Amino acid sequence: MNKCILLLFITLLLGISTASAFEVSPSNPTVGDEITISGTGSGDSVDASVAFTKNVDVDNGEYEYNINGVEIPSGDNRFTVRAEGVQDLNVRVKILFWITKSADASRDVATVSQSNVPSGNYNIKIDGNAASGQSNVDLTITATQTMDITDGQFEETYSTSSIPAGNFRVTVGGETETITLSSTGSSTSSGSSGSSSNTGGGGDTTPDVANGNVDASESITKRVFSEMPVEYQFSHSSIPVRLINITSRITAMEIPVKVEVLDDTSVMVKNDPSGKIYKHLNIWVGNTGFAVPENINSATIHFRVDNDWITDNDIDPDTIVLMHYEDTTDEWTKLPTEQVSKNEQYTNYRASTPHFSPFAISGQIDQEIIENTTDDTNSINESQNSTVNSSNFTDSNSTGETDNQSFYTNVWIFGLILTIFVGIIILKMRRS
C-alpha cells in the first residue's frame, strides 16, 4: 500500500501522466468512421497510439504498400513503421514532393520512425526488398499523439479511412484495447451494400496504377452527411475534372475521392469507347462498396476540354460527352452532358452519373467543317480547271489564226511567183 502511494506521489511530482480508464466509440466502427478516444487520467497529458499490422505480398523479391489520405493531427506526434521479414525499409511521404526515410534491417526487422510530423493529410508509400525466401512481410504502422488532460479528462478523434478492415489496437497510458474495423461492404450500420468490381471504391493500389497506366492523379478526403451535397474540388492542371458534387444517402465521416488520368484505355475495360477521345479517366469514390446507387442520391462531374484540342481535331463542341463503362454489359454509356461555359483556353461541361470508375471524355468530328472544307476544295479545283480550259481555248484560237494567216501569205507569194514566171515565158515567145 505504501509503495502504491509512493508511486503515485512520484508520478504527480514528475508530471508523468497515467490513464486509469479509457473507451473507444463507436465500439464497432466501419472503415471511414471517426473513432473517439476518451477517458480520465492524471497529469497534464497522456500518449495515445493507434496501430495496425498489414500482411503484404512479395513480388520479385520486393514489397510495396500504399496508404492514401493519412491524417496527421497537430501537436506532439510520432509515426512509426516496423517491417518484419525484410532486408530494408523505405517510408516515402508526399507533401509537395516525395520525402524518403530508409533503414536497413537487423535480423530481418527494420524500423523507421519520425516525430513531430507537421499536421496534414498525406499519401504514404512503404516499400523495400524482402528477406531471402519471404513470400510476404508484416508491416506494423503506429501513429502516436500526445493528448492534453483537462480537469482529469481527455478526448481525441481519429479517422479510420487509412486503416484497412480488420483488427487494430488503441493504447493509452500503457493500456491496450483491440478494436475490430469492418469494411463498408459488410457493415449494416452504414447502409452500404455489397461491392462489385466497378463500384468506384479505390484500394491502396488501383489496377491502372499497378499496370503503369496512370499519367496523373489527385485525391481529396471529406466528411459526407446524409442528403447534404459535398463538393470535391481538384486543382491539378493535368486533370480535366475540376469538381465533383456528391449527395449521399448515408453519413460517413471520411470519404476519399480520387481521380486518375490514364495514358490509355483502363485495364478494367474490354473495349474502346466511340468517338475521338480527349482523356481516359478513373474516378474512385470511397472504399469498396460505397459508390453504388443505393448509397448515392446524385452526383455531378464538372470537367473541361482544351479549346486547342477541339479546334485541331475538328470536333463539334456540342457533341462532347462524358462516357461511363458498364462492366455488367461491357458497354460504354453516354452520360447526360451539357456545356456550361467557355473561356479563351477551355470549354467547361457538366455531366451526371449514378456510377463511378472508368470514364472517357469523347467528341465527334464536326461534319459541317468537313463539308465546307470539301466544298472549298472542289471550288478551287473547278476554278483551276476553268483557268486551264480557258487558256487552252485561247491558245488554240491564237494558233489557228496564225496558221490561216501563214497559209494566205504563202498562196499570195506563190501566185506572184507564178505570174512572173508566166510573164517571162510569154515575153520570150513574142521575141521569137
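Structure: above.
Here the structure is a predicted model, which means the values were calculated and not measured.

## Here we look at the layout of surface pockets
Then, in step 1: When its volume is computed, the largest pocket comes out at roughly 860 Å³.
Then, in step 2: Forming the boundary of the largest pocket are 32 residues, of which Asn68, Lys94, Trp98, Asn123 and Ser217 lie nearest the centre.
Then, in step 3: If you list the elements that add at least two residues to the lining of the largest pocket, you get strand S4 (62-72), strand S6 (88-94), strand S9 (120-129), helix H2 (207-210), strand S14 (214-224) and strand S17 (252-262).
Then, in step 4: Taken together, the residues of the lining of the largest pocket break down into nine nonpolar, 13 polar and ten charged.
Then, in step 5: The two domains that each donate at least three residues to the lining of the largest pocket are domain 1 (19-181) and domain 2 (209-365).

## A few points about a nonpolar patch on the surface
Then, in step 1: On the surface, a cluster of nonpolar side chains totalling about 560 Å² of accessible area is made up of Phe414, Leu418, Phe421, Ile425 and Met429.
Then, in step 2: You can see phenylalanine 421 is positioned in helix H4 (residues 367-431).

## Brief notes about unusual backbone geometry
When glycine is set aside, most residues are seen to have a negative phi, and most peptide bonds are trans.
Then, in step 1: Looking along the chain, the bond that leaves serine 25 and enters proline 26 is cis, with omega of -5 degrees.
Then, in step 2: The backbone of serine 357 sits at a positive phi, close to 105 degrees, despite the residue not being glycine.
Then, in step 3: Position of serine 357 among the secondary structure elements: in strand S24 (residues 357-363).

## A look at the nonpolar core
Then, in step 1: In this structure, Ile37, Tyr63 and Ile126 are the most contacted members of the largest nonpolar core, which totals 43 residues.
Then, in step 2: Counting residues in each nonpolar core, the second largest holds 38 residues, with Tyr232, Tyr278, Ile310 and Phe359 among its members.

Definitions and limits used
Residues numbered from 1 in each chain as written. Predicted model: local features only at pLDDT ≥ 70, side-chain atom pairs only at ≥ 80, totals over all residues. Heavy atoms only, no water. 1 Å grid on protein atoms, 1.4 Å probe; cavity = no way out; pocket = protein on both sides within 12 Å on 5 of 7 lines; lining within 4 Å. Points joined across faces, edges and corners; volume = space filled by probe spheres on them. Helix = DSSP H or I, 4+ residues; strand = E, 2+ residues; numbered from the N terminus. Nonpolar A, V, L, I, M, F, W, Y, C, P; charged D, E, K, R; others polar. Domains from an automatic or database assignment. Patch = residues over 30% accessible without salt bridge, like charges linked within 9 Å, V, L, I, M, F, W, Y side chains within 5 Å. Areas by Shrake-Rupley, 256 points an atom, 1.4 Å probe, with all protein chains shown as cover. Salt bridge = Lys/Arg side-chain N within 4 Å of Asp/Glu carboxyl O. Core = buried A, V, L, I, M, F, W, Y, C linked by side-chain atoms within 4.5 Å. Buried < 20%, exposed > 50% of the residue type's maximum accessible area, 1.4 Å probe, protein only.

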